[in-house]
Each structure stands twice: as C-alpha cells, then as structure tokens.
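Structure at a glance
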Amino acid sequence: MAIEIPENVVVSRLDSLASWCRKNSLWPMPFATACCGIELMATGASKHDLARFGAEVMRFSPRQCDLMIVAGRVVMKMLPVLQRIWQQMHEPKWCISMGACASTGGVFDTYSVVQGIDRFIPVDMYVPGCPPRPEQLIQAIIDLQDKIQAEGTIGGREFAMRSRQQPKRALVELNVLSLPRGVSNLPQGVRVE
Amino acid sequence: MSVAETKKKTLADLAGAEARDYRWTLNFGPQHPATHTTLRLVLMLDGERVVDAIPDIGYLHSGFEKIGEHLDYNQYVTVTDRMNYISPLANNVAWHGAVERLLGLELTPRCKYLRTIICELARISDHLLCNGAVGLDVGAFTFFLYGFYQREVLYDIFETLCGARFTNSYTRVGGLMYDATPLVIEKIRTFVRTFPKTLDDMERLLNRNRIFVDRTKGVGILSKEEATNRSATGPIARASGVTRDLRKDEPYLAYADFDFNICCATAGDCFARYLVRMAEMRESLKIVTQAIENLPSGPVNVGIDERTTLPSKKQVYSTIEGTISHFEMVMANRGFTVPEEESYAAIESPNGELGFYLAGDGTDVAYRARCRPPSFIHFSLFPGLIRGHTLSDIVAVLGSLNIIAAELDR
Amino acid sequence: MIKPETITALGERFPAVRFSEFRDQQRAAVPAAELAEVFGFVKETQGFDLLVDVTCVDYLNYRNAEDRFGLVYLLANTTTNERLTLRVYVNEPNLSVPSATTYWKGANWLEREVYDMFGIEFAGHPDLRRILLPDEFTAHPLRKDYPLQGRGERHNFPVLTREEG
C-alpha cells in the first residue's frame, strides 16, 4: 500500500506545510515520574519558558497530545501504564526520553527499574543528563522539530517505514529463558516478542 | 447554609451509603494531572463524596535500599539526592549525618554552619514547591510561578556552590565537596535581602483569598493524637498541635547557636499546613541570616588523621601523612573502617523526620542502609483525612501532605 | 538519649531483655514471645507514643551472626524526647512476630513494607499484603540471597513498535 521512500527524499510542499504546522504546535504530555519531572516543570515555568516553542499547554490527557516526554525512571509496575498511555495517544505522535533513567536506567541498575524505555516504546529523541538542564530539554525539542520538518508527511507514512522497526543491536540482551531456573519469581516467564 | 454545615450533614448520611445506587469506583492515577507524583488511589465515591480511598503505591520503587548495600558511603550520597528530590541537600546532610554518627566523627565548625545554611535553603525550596503545588492544584497558577521563580534563584546559588542545580551530592563523609566561595556568600546575602518581598507578595495572593480559604479550611483535619499515633512528623504534625521539631528537641549541626521559633498551629487542616509552611520559610530565613553573618573560618573537612576525607592536594604532595591518607582512601582494597554496629540518626527535613538506620560491617559499604521516609508515613494518613470530603478536596489534601513519590516508594 | 529510670523499669518488668548502648542510643533485645507485652509496657507506662520506624536487617552474610533476621523498632517519647530501639531476632522457618498495629497505627504500612521486602509475617496485622512491589512478584528482594539486578522480572513485558502502537 505505501510506497517505500528513502529517508532523504525531499517531501512535497503540502507535506512540508503539514510538518511545519505539527512541529510548531507540539503539545507535550508530561509523563513525569521522578526528579526529571521537576526539571520539566522548571522548563515550563517562567524562566525557561517552553510555551515559546509551541508547547502552549501541558495536557495530561493522552488523547489531546502529540508528544510524550517520559521524564524519570520507569519501574516494572509502571511500564504497562506507560504502554497503555502510548497506545492511547493519536498519531502522529513522538516520544522524548528525558534523562538518564528513562534512556538507559541511569543510576538504578536494580531489580525493578526498566533499563531504558526504548526497549518497550519507540523513542525519537534522547536527552542525557541527571537531570538534564532545561536548556538541554529545549534543545531536544528544537531538534525534534527539525526531525519532524525533515521527515514528516501529511499521511504519517514515515511511521510505517521499515527502517524504524529494526530493534537496535544494543537492545538485544540476554534471553530471559536462558537464565538458570532456580527459584523463579514469576508464575510464567515468557517474553513476548 | 454555610459550606461547613453542608459537609457535616452529608457525612451523617454516608452510613446509609450502601443502600444508594450512585456509588461508584474511580481510578485516580498513577498518571494524572492533579499531583506531580506517581501514586494511585482507588476511590469509592458516592456521587462526589469520597466514601473510601485505597492507596496503591510502588509505581516508582527503584530499590534504593538494595543499592545502599552495593555503593560505598561517598557514592551513595548521589542516590540520596534522588529521594526527596525537591530538597536534595537535606537528604545529603541526613545521610552523611547518619554515617558520621556511626563513625563517631565530629565535624569542623565551618562545616556545621555551611550544612545548616544549605539545609535551611533546601527547606525554603521545598516549602515553595509544596505550597506552589497546592496552589496550582487548587487553581492559583500565579502563586506557583512566583514560587518557581524564587526556586530558580536558589538553583543559581546551589549551582555556584557545587555545580549542579539540584541533585547536588554536596556532602562527603567528614565534610563537604567544596568550600563556599565569597561569590556564593554574596549571592546568599542577596537572596536573604530580596526573598521577604516575594514571600509577602505570595501571602497577599492567597492568605485571605476567599476561594483558597474555602477550598482548604476545614478540609483534611488531622487531630493531635492521630498525628502521633500514625507517626506523622514535620509540618503536618506541627499543624495539628504536636510541638516536636528535631532542631530544638535534639539539636544537631549548628542549630543550638541560632535564635529561631518553631511554627505550630492547632487546626490541623490544609490551610493550617499551608500557614505553617509559609511561617517556617520566614524562620529559615532568620537562621540563614544569622549563620551567614557568623560563618566561622577554618577548614571545612575533618583532619587527615581521621582517614575519612580526601586531603587537599598540597598536603598529598608535600607531607607523608597526606600521601598515606590519600593512598588509604583511594586504593580499592582499603578505604576507611567502620564499626560493626548499627545506629540511627535523623534530621528535621522539610517533610518531617528523615533518618537513616545504618548497619556497618567493617568495610566502607553499608551492610544495611534504611531510609525512614516521611512521605511514606504521611501517605498512610490520607484515607483517614479524605473520608467524607468531595472529589475536588482530594487534590488539596494530597498537595498539603507533600507526598514525593521517590521518597514514598524508594 | 534515654533516662536511666526507663531502662531500670523495663529491665525489672522483663528480665529476659538484653540491653546495649552505642553512640548514645539505647538498644533492647526482646524475645519474640514477649514482644506484644513490651509494646504495651513502653507505650502505656513509659510514654513512648511515637513509633518512628519499623525495619529489618538480614544477617545472612554478616560475620558472627547468630540469627538470620533482626527486626528493629525505633520508638520516641514526644514529651521527654527519649529514644529507644527494640530489637527482635527471628529465624527461619518461624518468621512471625506480633504486630504493633494495636498500639501504634503508624505501624500498618511500615510492617507491610517489611513483609514485602523480607517476608516476615506480622500476626494480627489487619491487611498484610505487598505494598511496593506488584502483587504477582514472588520473591523478597531485600534478602541477601536475591541479586541486585533481579531475576529477569524487570524486562518481562511485550514490546510496542511504531507500526502497531
């Protein structure tokens, strides 16, 4: 159904108009869990004002947003909630993983913290830092705006492209079933691919 | 009839609530706009009246206490920052206070004064955000922005002091990371001079504001006996009449040298907690003013005989004791020795009594590092406070309890 | 800080209690069978009305340890500012102690957390279930035989891709 277009083909005028509109009115959905949430609030406050970049309102309803900013560590109890909220957002949607904990697990390499939300959610932009300064987050949003302008199509075809689907090599980790089955902690330990 | 009378009348009707057919269950969280933290409440509502609220927490449980058994005493301070993340310096001071108690170390006077100053600045920062969040959830956006602007000024001070806006990890065993430079002292003096005006502006906005007072007065009342029986401490207990403040009752650091008051109230409702926090900010300002004018000079870390802090480079390169001390601290199979004992030490953090129970096992990694979390204990108060109130009172009560999810779940 | 009268009163009433002191903190090791009475005694007669914390230490890897789990109850007296630490030692398979919720309601969540993290059961607790970890979780993570990175539970979730999600 969709024509496979390589990533560096210049899109048409209508597409670039649609991308321009979308990039300049990104409404963030702050999925703030921990300390990065405070820096996210500081970015939205008066000194580093995020509303200048089109993020006029921080809507907390996923049905009304197009940018999910995951700020803070995501633990295994919270991950199904994160996935459900991602699924509830309408397309076109993007995701920024803010901070070290959301990107890779950060300081917390423990039994309950997910080592990077990109294992379970498609992420467009990573912001390193613990916590990242508000200027870094604003830079990430500007870079995401450039990305949307460069790749955006009016029909959202860029989301179906095969190149976005390949799991990155760094994400391939040890197979859970190959761990020694001693005292198991789960009634069933099957990983769904 | 008045607001208070309406509430009393329907509370009596709640006994017959089972018979009605407009009782329903609402899931509140863990992702919701009302509060800034990931906690979940399952609310049983009768129309808009809350019949019961069942908390469900653990959505930010990261295994802090397990990490404490793998990082050494100077590395773990970075993790303590991420507990009560709106006043991280207070957590650092609490952690190292506990470690120094276990080791039996006595700090230098300059270190004690500096730690007191940063604790009080962290208290101002915490109360600004807590009251700002209460204001924001109740609808007062300008109040929130005023508070946040002053927090940016505080962040500037912290950044000049130690390089990070928050999550500073500023303390070390036996001292601090860096000494305070004259620039920082000047910035603190400027802050102390200009902050009271903002505090006056903020009070003028909300103290006699009809909407705010009606939304918070008489809401979420906690009695004095309930407060102590349910282990509440800090501004929440003081707003209910419990006159306990560790800065006066068990003075630590340099608090015994300063002249300040403890702020208490008797009403125990959300408005009282708001007023107690605003008054505590003024007292903190008094402490900072006195401390910054009388800051003793001298070294900020303990001497090298204690073998707990890294000596200065001049000592390392020119004296044999400095070299040996540096070697002992840095080599992987050495480090400092800790008694094989257990102890507890607490400070009066902005949220309540924050203490660490440490079990040492001889090495410089703790055997057990338990954090006594005020937010966890205060959240268990919540179902009792909210019964009988309406859905819109939930945010006011939750905000006034100052629940920080990272301290709640650890 | 504690008054000597409190220690003598406690020692006379319960002769099986072993006292020790470290860094100006008084500890009292209580046998598990007498724990409920000790709670009543210190709360009603000695005035320890504030339960500061309930926690546990797992002595599996500790040198010279006699018992596996050591429960810690930190108590405070708000009128005289005294502090007391009660210690109770339990071993497997008998991991059950009386609950403190009848005396201090603040013990409710604190004991649930100790149950969640260590597996100690509190007899008489109104609602003993997991509080911080998901209900499906079967291990007790703060025990010393549980690894820091866990046993694979943290990544056992379906993956959402752009195409489907």
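Since this is a predicted model, take the numbers as computed values, not measurements.

Scoring rules and cut-offs
- Residues numbered from 1 in each chain as written.
- Chains lettered and ligands numbered in written order.
- Predicted model: local features only at pLDDT ≥ 70, side-chain atom pairs only at ≥ 80, totals over all residues.
- Heavy atoms only, no water.
- Helix = DSSP H or I, 4+ residues; strand = E, 2+ residues; numbered from the N terminus.
- Buried < 20%, exposed > 50% of the residue type's maximum accessible area, 1.4 Å probe, protein only.
- Rg over C-alpha atoms; globule rule 2.2 N^0.38 Å.
- Contact = heavy atoms within 4.5 Å.
- Areas by Shrake-Rupley, 256 points an atom, 1.4 Å probe, with all protein chains shown as cover.
- Lys, Arg positive; Asp, Glu negative; His and termini not counted.
- Charge placed at Lys NZ, Arg CZ, Asp CG, Glu CD.
- Axes fitted to C-alpha atoms, helices over the stretch in contact; angles between N-to-C directions.
- Left-handed = near helix turned anticlockwise from the far one by under 90°.
- Nonpolar A, V, L, I, M, F, W, Y, C, P; charged D, E, K, R; others polar.
- Buried area = accessible area lost by both parts, 1.4 Å probe.
- Salt bridge = Lys/Arg side-chain N within 4 Å of Asp/Glu carboxyl O.
- Polar contact = N/O pair within 3.5 Å; in protein donor to acceptor, adjacent residues only side chain to side chain.
- Disulfide = S-S within 2.5 Å.
- Pairing = 2+ DSSP bridges.
- Right-handed = clockwise from strand over helix to strand, strands pointing away.
- Parallel < 35°, antiparallel > 145°, perpendicular 65-115°, else oblique.
- Expected span 1.5 Å × (residues − 1).
- Arc of directions from axis to C-beta.
- pLDDT = per-residue confidence, 0-100.
- Core = buried A, V, L, I, M, F, W, Y, C linked by side-chain atoms within 4.5 Å.

In terms of regular secondary structure, chain A is built from 5 helices and 4 strands. Start at the N end of chain A and walk to the C end: the helices and strands fall as α-β-α-β-α-β-α-β-α. Expressed as a percentage of the 193 residues in chain A, the buried residues total 50%.

Moving on: the overall build of chain B. Secondary structure assignment for chain B yields 18 helices and 8 strands. Relative to the 2.2 N^0.38 estimate, which gives 22 Å for 410 residues, the radius of gyration of chain B is 23 Å and therefore close to what a compact globule would have. Over its C-alpha atoms, taken along the principal directions, chain B stretches across nearly 80 × 45 × 35 Å. Looking at chain B residue by residue over its 410 residues, the buried ones come to 62%. Counted over contacts in chain B with a minimum sequence separation of 6, partners at least 24 positions apart contribute 68%. Accessible area of chain B: about 14,400 Å², with a carbon and sulfur share of 55%. Here chain B carries 45 positive and 51 negative side-chain charges, and the mean point of each set is 4 Å from the other.

This brings us to the packing of helix α1 (residues 4-13) of chain C against helix α2 (residues 35-45) of chain C. All names here are of chain C. Orientation of α1 relative to α2, taken along the N-to-C sense of each, is 145 degrees, at an axis distance of 11 Å. By crossing handedness, the relation of α1 to α2 is classed as right-handed. The segment α1 lies against α2, with Ala 9, Leu 10 and Arg 13 engaging Glu 37, Val 38, Phe 41 and Val 42. Residue composition of the contact of α1 with α2, by class: 5 nonpolar, no polar and 2 charged.

Turning our attention to the interface of chain B and chain C. Of the residues lining the interface, 48 residues belong to chain B; the matching set on chain C comes to 49 residues. For the pair chain B and chain C, the summed buried surface comes to about 4,100 Å²; carbon and sulfur atoms form 52% of the total. When residues of chain B are sorted by the area they lose upon contact with chain C, Lys 66, Asn 229 and Tyr 367 of chain B head the list and together hold 17% of the total. When the shortest N-O distance is used, the salt bridge between Glu 226 of chain B and Lys 105 of chain C registers 3.0 Å. For the pair chain B and chain C, the number of links is 33 residue pairs in polar contact (both at pLDDT 80 or more). Here the element with the most residues in the side of chain B that touches chain C is strand β6 (residues 342-349) of chain B; it accounts for 4 residues. Across the side of chain B that touches chain C, the residue classes break down as 18 nonpolar, 11 polar and 19 charged.

Below, the discussion takes up the state of the cysteines. Applying the stated criterion to the full structure yields 0 disulfides over all chains. Take Cys 263 of chain B: it sits in no disulfide, and the sulfur closest to it among the cysteines is that of Cys 264 of chain B, at 7.3 Å. Looking at the unpaired Cys 56 of chain C, the closest cysteine sulfur is the one in Cys 371 of chain B, lying at 16 Å.

Residue and element names in this part refer to chain C. Reading across the sheet, the 5 strands line up as β1-β2-β5-β4-β3 and stay open at both edges, with mixed pairing between neighbours. The strands lining the two open edges of the sheet, one partner per strand, are β1 (18-22) and β3 (50-58). Geometrically, the sheet is characterised by an average inter-axis angle of 25 degrees between neighbouring strands, direction not taken into account. Bridge count between β1 and strand β2 (residues 25-29): 5 bridges; the pairing is antiparallel.

Right, let's talk about the pairing of strand β2 (residues 67-71) of chain A for a bit. All names here are of chain A. Among the 5 residues of β2, 5 are classified as buried, and the element is accordingly described as predominantly covered. The sheet contact formed by strand β1 (residues 28-32) and β2 spans 5 bridges and is parallel. Along β2, the bridge assignment pairs Met 29 with Met 68. Handedness of the crossover is the feature at issue here: the chain leaves β1, passes through helix α2 (residues 35-44), returns alongside β2, and the resulting connection is left-handed. For the crossover that starts at β2, traverses helix α3 (residues 79-88) and ends in the parallel strand β3 (residues 94-98), the hand is right-handed.

All names here are of chain B. An order of β6-β7-β8 is seen for the 3 strands of this open sheet, with the pairing classed as antiparallel. Looking along the sheet, the strands with just one partner apiece sit at the ends: β6 and β8 (368-372). Between one strand and the next, the sheet's axes are offset by a mean angle of 15 degrees, whatever the strand orientation. As defined by bridge partners, strand β7 (residues 352-359) adjoins β8 across 5 bridges and the pair is classed as antiparallel.

We now examine the packing of helix α5 (residues 109-138) of chain B against helix α17 (residues 391-400) of chain B. Residues and elements named next belong to chain B. Where α5 contacts α17, the axes come no closer than 8 Å and their chain directions differ by 175 degrees. Considering their axes alone, α5 and α17 lie roughly antiparallel with respect to each other. Note on element contacts: α17 touches α5 through Val 395, Ala 396, Gly 399 and Ser 400, opposite Cys 130, Val 134, Asp 137 and Val 138. Here the contact of α5 with α17 is built from residues that sort into 5 nonpolar, 2 polar and 1 charged.

The subject of this paragraph is helix α5 (residues 134-151) of chain A. Residues and elements named next belong to chain A. For α5, spanning 18 residues, the distance from its first C-alpha to its last is 26 Å, which sits close to the expected 26 Å at 1.5 Å a residue. When α5 is considered as a whole, its buried residues turn out to be Pro 134, Leu 137, Ile 138, Ala 140, Ile 141, Leu 144, Gln 145 and Ile 148. Considered in projection along α5, the buried side chains sweep an arc of 155 degrees and stay on one side of the axis. Tucked into the core, α5 has its buried residues touching α1 (13-23), α2, β2, β3 and β4 (125-127).

Looking at chain B as a whole, the pLDDT averages 87, with 93% of positions reaching at least 70. Model confidence for the complex: the whole-complex pTM is 0.87, and ipTM, which rates the interface, is 0.92.

The next subject is the nonpolar core. Membership of the largest hydrophobic core comes to 213 residues, with the highest contact counts inside it found for Tyr 73, Phe 379 and Phe 382 of chain B together with Tyr 73 and Ile 120 of chain C. Among the elements that make up this core, the one with the highest residue count is α5 of chain B (13 residues). If near-sequence neighbours (up to four positions away) are discounted, Ile 120 of chain C is found in contact with Cys 56, Phe 69, Leu 71, Val 90, Leu 95, Val 97, Val 114 and Tyr 115 of chain C. Leu 26, Ile 96, Ala 140 and Phe 159 of chain A belong to the second largest nonpolar core, which has 21 residues in total.

Residues and elements named next belong to chain B. On inspection of all chains with the given rule, the structure shows 53 salt bridges over all chains. Here Asp 156 makes a salt bridge to Lys 187, at a shortest N to O gap of 3.3 Å. Of the two residues, Asp 156 is situated in helix α6 (residues 141-162) and Lys 187 in helix α7 (residues 182-206); the sequence distance between them amounts to 31 residues. Residue classification places Asp 156 among the partly exposed positions, given a relative accessible area of 33%. Note that Arg 282 and Glu 203 form a salt bridge whose closest N and O atoms lie 3.0 Å from each other. Here Arg 282 is found in helix α12 (residues 270-293), whereas its partner Glu 203 is found in helix α7, with 79 residues between them in sequence. The class of Glu 203 is partly exposed, set by a relative accessible area of 21%. If you follow the salt bridges from partner to partner, you end up with Glu 120, Arg 123, Arg 238, Asp 245, Arg 247, Glu 280 and Glu 348 in one network.

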